[in-house]
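Chain by chain, the residues:
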2 protein chains.
Amino acid sequence: MNRNIKITIIEDDETIRNGYAYLIGATEGYEVVSTYCSFDEAIKKIGADHPDVILLDIELPGTNGIDAIPKLKKILPQCFILILTVYESEKLIFNALGNGASGYLTKNTPSAKIIESIKEVKEGGGPMSINIAKLVIRSFQKNQESPLSKRETQILELIGEGKSRSQIAKELFIDLETVRSHIKNIYNKLDVNSRADAIKMAKQNKLI
Amino acid sequence: MNRNIKITIIEDDETIRNGYAYLIGATEGYEVVSTYCSFDEAIKKIGADHPDVILLDIELPGTNGIDAIPKLKKILPQCFILILTVYESEKLIFNALGNGASGYLTKNTPSAKIIESIKEVKEGGGPMSINIAKLVIRSFQKNQESPLSKRETQILELIGEGKSRSQIAKELFIDLETVRSHIKNIYNKLDVNSRADAIKMAKQNKLI
DNA sequence: AAAAAAATCACCCTTTTGGGGTGATTCCTT
DNA sequence: AAGGAATCACCCCAAAAGGGTGATTTTTTT
């Protein structure tokens, strides 16, 4: 017989916390080993709980969920962290994933799906709600009607990699002056006058 | 009654092409309006087909699938493109999504899932095979055992945004010399001696 | 409490880079 | 034939980058 999947819930809203705990605990094969109302509470004892999966809220009193992720990972490196939140902000999601979260579910996710996601993540899959998947895909989509020409886009990409004019010139087999010329045109088109601003503008408008 | 979802398949392998065409065509609500064995063939006539969804192979003779995406999008801006391939390379997937593909399915995807994905993408969802989702999540995960300190990582990130020492100093409310010092330490730890190399190394090792 | 690591600042030095201006040529594509 | 794209040239100067060396103060870890 398989061991139960051990789950810890960190969520400040008591109703939601108890709701999830009941929901998950009532499911065959799942076991809620502990619940906490904040990360700062959790950190004291969670090491002894050794859960397989942590359901982590983002908006917590004290240490927020995003900052909590790496600290939890440090104590429980093998543990999978599932973010459960109402927000769908691009930055938040990417930060959470970047910090070591294994998945991201919004709170409107049906309970069956949450149970399924816990199992998925435990087995090495990457659960993402359809909304998150959409967001991620959109975040990759470049602007199709860029004001920049192909060459200009290419050069802006290299600038984004921190390369100097001369490095770019070498890489593209063109003259240093040509690179300068392209950069001037880029600055004109984007209405900026520095590398940092050009990169910022380009990323905002998904030109690179 | 709802209109059928119109599908075009661009795939060079005849067996696979016909297989998919049969499979999809036999499904209620789905209609294969055309099939092509290459993008260069397709481009001539696909405008008149106005499909809702294009199943696009990556490894095509002539123009490859990745380069084909923006060109297809230009002719059929409303059309969704689903990449169907054997490869799961990170770069390929991100390029495809960046060029305007709406989803990505590997060829071992069960046929039922393909049908479902077509519908999903048509309704604005973002279909991603579980493998792709994993890949995307992994691509966001930063290296947990970075040799760099927090401050160093932070500064390296700003360098990645093309910011100069003085800009970084202002942003972090520290002295220009301190920034220099951090950068020197970063260079030492990463064993590089330029911004571009540091960024490259950092991205390779997912330090930023 | 001691040791190690991280973060802070200082001043030496030289070469490279960056950004602005202005203009010209060639090559494609429309 | 016109316009955009890509190429190259030369003017200018201030700013930035990179290397070296060393020191102080916090913070973290042992």
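A quick note: this is a predicted structure, and the numbers were derived from the prediction, not measured.

Rules used throughout
- By convention here, each chain's residues receive numbers from 1 onward along its written sequence.
- Whichever chain is written first becomes A and whichever ligand is written first becomes 1, with later ones labelled in order.
- Totals for whole chains, interfaces and linings use every residue, but because this is a predicted model, local features are given only for residues with pLDDT of at least 70 and side-chain atom pairs only at 80 or more, for both listing and counting.
- Derived side-chain values reflect all non-hydrogen atoms in the structure, with water molecules and hydrogen atoms excluded from consideration.
- We call two residues in contact whenever any of their non-hydrogen atoms come within 4.5 Å of each other.
- By buried area we mean the combined loss of accessible area, with a 1.4 Å probe, across both parts when two parts are placed together.
- By convention in these notes, a salt bridge is any Lys or Arg side-chain nitrogen within 4 Å of a carboxyl oxygen on Asp or Glu.
- N or O atoms within 3.5 Å of each other form a polar contact, as long as, within protein, one can give a hydrogen and the other can take it, and as long as residues adjacent in sequence are counted only when both atoms are side-chain atoms.
- To qualify as a helix, a DSSP run of H or I must reach at least 4 residues; to qualify as a strand, a run of E must reach at least 2; elements of each kind are numbered from the N terminus.
- Only protein chains enter the accessibility calculation, which uses a 1.4 Å probe; a residue whose area is less than 20% of its type maximum is buried, one above 50% is exposed, and one in between is partly exposed.
- Charged residues are defined narrowly, with Lys and Arg counted positive, Asp and Glu counted negative, and His plus the chain ends left uncounted.
- Definition of nonpolar core: a set of buried residues of the types Ala, Val, Leu, Ile, Met, Phe, Trp, Tyr and Cys, connected through side-chain atoms within 4.5 Å.
- Here, axes are lines fitted to C-alpha atoms. For helices the fit covers the stretch in contact, and angles between N-to-C directions go from 0 to 180 degrees.
- Should an angle lie under 35 degrees it is considered roughly parallel, over 145 roughly antiparallel, and from 65 to 115 roughly perpendicular; all remaining angles are considered oblique.
- Crossing handedness: left-handed means the near helix sits turned counterclockwise from the far one by under a right angle, and right-handed means the same turn made clockwise.
- Three residue categories are used. Nonpolar comprises Ala, Val, Leu, Ile, Met, Phe, Trp, Tyr, Cys and Pro, charged comprises Asp, Glu, Lys and Arg, and polar comprises the others, including Gly.
- Whether a crossover is right-handed depends on one test, that the path from the first strand over the helix to the second runs clockwise when the strands point away from the viewer.
- DSSP bridges decide pairing: two strands pair if at least two such bridges lie between them.
- When two rings of Phe, Tyr or Trp (its six-membered ring) have centres within 6.5 Å they constitute a pair, described as stacked for plane angles under 30 degrees, edge-to-face for angles over 60, and tilted for the intermediate range.
- Only heavy atoms are used to decide nearness, and a residue is near a molecule or strand if one of them lies within 4 Å of it.

Caption draft 1: Focus on the interface of chain A and chain B. Counting residues at the interface gives 33 residues for chain A and 34 residues for chain B. Interface area, chain A with chain B, both sides summed: about 2500 Å², of which 61% is carbon and sulfur. Broken down residue by residue, the surface that chain A buries against chain B is led by A:Ile137, A:Phe140 and A:Gln144, which jointly contribute 21%. Scanning the region where chain A abuts chain B turns up zero salt bridges. For the interface between chain A and chain B, the tally reads six residue pairs in polar contact (both at pLDDT 80 or more). Elements with a contribution of two residues or more to the side of chain A that touches chain B: α3 (65–75), α4 (90–99), α6 (130–140) and α10 (195–204) of chain A. Looking at the side of chain A that touches chain B, the element that brings in the most residues is α6(A), giving six residues.

Caption draft 2: The side chain of A:Asp49, seen in detail. Residues and elements named next belong to chain A. Inspection of the secondary structure assignment puts Asp49 in helix α2 (residues 39–49). Within the buried core, Asp49 has no salt-bridge partner, and the shortest N-O distance to an opposite charge, that of Lys45, equals 6.9 Å. A distance of 2.7 Å separates the side chain of Asp49 from the side chain of Ser34, its partner in a polar contact. Polar side-chain contacts of Asp49 include one of 2.5 Å to the side chain of Tyr36. In this structure, Asp49 is in contact with Lys6, Thr8, Val33, Ser34 and Tyr36, ignoring residues within four places of it in sequence.

Caption draft 3: Main features of the environment of B:Ile46. All names here are of chain B. Relative to the helices and strands, Ile46 resides in helix α2 (residues 39–49). Residue classification places Ile46 among the buried positions, given a relative accessible area of 0%. Put simply, Ile46 and Ala21 are 25 residues apart on the chain and 16 Å apart in space, counted from C-alpha to C-alpha. Apart from the residues within four sequence positions on either side, Ile46 is in contact with Thr8, Ile10, Tyr36, Pro51, Ile54, Leu72 and Leu76.

Caption draft 4: Inspection of the nonpolar core at higher detail. Ranked by internal contacts, the top residues of the largest apolar core, which has 54 residues, are A:Leu56 and B:Leu56. If we ignore the near neighbours within four places in the chain, the residues touching B:Leu56 are B:Ile10, B:Gly65, B:Ala68, B:Ile69, B:Leu72, B:Ile81, B:Leu82, B:Ile83 and B:Leu84.

Caption draft 5: Seen up close, the packing of helix α7 (residues 150–160) of chain A against helix α8 (residues 165–172) of chain A. All names here are of chain A. Axis separation between α7 and α8 bottoms out at 10 Å; the angle between their running directions is 130°. The orientation of α7 relative to α8 falls into the category oblique. As for how α7 packs across α8, the hand of that crossing is right-handed. Note on element contacts: α8 touches α7 through Ile168, Glu171 and Leu172, opposite Arg151, Gln154, Ile155, Leu158 and Ile159. Residue composition of the contact of α7 with α8, by class: five nonpolar, one polar and two charged.

Caption draft 6: Just the pairing of strand β1 (residues 5–10) of chain B, in detail. Residues and elements named next belong to chain B. Here β1 lies mainly inside the structure; five of its six residues are buried. Handedness of the β-α-β unit built from β1, helix α1 (residues 14–25) and strand β2 (residues 30–36) comes out right-handed. Strand direction decides the pairing type here: β1 and strand β3 (residues 53–57), joined by four bridges, are parallel. Bridged to Ile7 within β3 is Val53.

Caption draft 7: Structural context of the packing of aromatic side chains. As enumerated under the stated definition, the model contains two aromatic pairs over all chains in all. Measuring from centroid to centroid gives 4.4 Å for A:Phe94 and B:Phe140, while their planes differ by 20°, and the two rings are stacked. A residue pair is termed interchain when its members come from two chains, as with A:Phe94 in helix α4 and B:Phe140 in helix α6 (residues 130–140). Overall, the relative accessible area of 18% leaves A:Phe94 in the buried class.

Caption draft 8: Seen up close, the sheet that holds strand β1 (residues 5–10) of chain A. Residues and elements named next belong to chain A. One open sheet holds the five strands; their spatial order is β2-β1-β3-β4-β5, and the pairing between them is parallel. Each end of this open sheet is capped by a strand with a single partner; those strands are β2 (30–36) and β5 (103–106). Each strand axis lies, on average, 25° off the axis of its neighbour in the sheet, ignoring direction. In the sheet, strand β3 (residues 53–57) pairs with strand β4 (residues 80–85) via five bridges, with the strands oriented parallel. The residue bridging Val53 from the neighbouring strand is Phe80, located in β4. Helix-sheet contacts for α3 involve β1, β3 and β4, and the interaxial angle to β3 is about 160°.

Caption draft 9: Focus on the protein's contact with DNA strand D. Looking at DNA strand D, there are 20 residues lining it, with A:Ser149, A:Asp175, A:Thr178, B:Arg165 and B:Arg180 nearest. The sugar and phosphate moieties of DNA strand D supply 53% of its atoms located within 4 Å of the protein. Within the side chain of A:Arg180, a nitrogen or oxygen atom sits 3.4 Å from a base nitrogen of DNA strand D. B:Tyr187 is positioned such that a nitrogen or oxygen atom in its side chain is 2.8 Å from a phosphate oxygen of DNA strand D. When contributions to the surface near DNA strand D are tallied by element, the ones reaching two or more residues are α7 and α9 (176–190) of chain A together with α8 (165–172) and α9 (176–190) of chain B.

Caption draft 10: Expanded view of the protein's contact with DNA strand C. Near DNA strand C, the surroundings consist of 20 residues, among which A:Arg165, A:Arg180, B:Ser149, B:Asp175 and B:Thr178 are the closest. When the atoms of DNA strand C within 4 Å of the protein are grouped by moiety, sugar and phosphate amount to 53% of the total. One of the side-chain N or O atoms of B:Thr178 is found 2.6 Å from a phosphate oxygen in DNA strand C. Measuring from a base nitrogen of DNA strand C, one finds a side-chain N or O atom of B:Ser181 at 3.0 Å. Broken down by secondary-structure element, the contributors of at least two residues to the surface near DNA strand C are α8 and α9 of chain A together with α7 (150–160) and α9 of chain B. Here the element with the most residues in the surface near DNA strand C is α9(B); it accounts for six residues.

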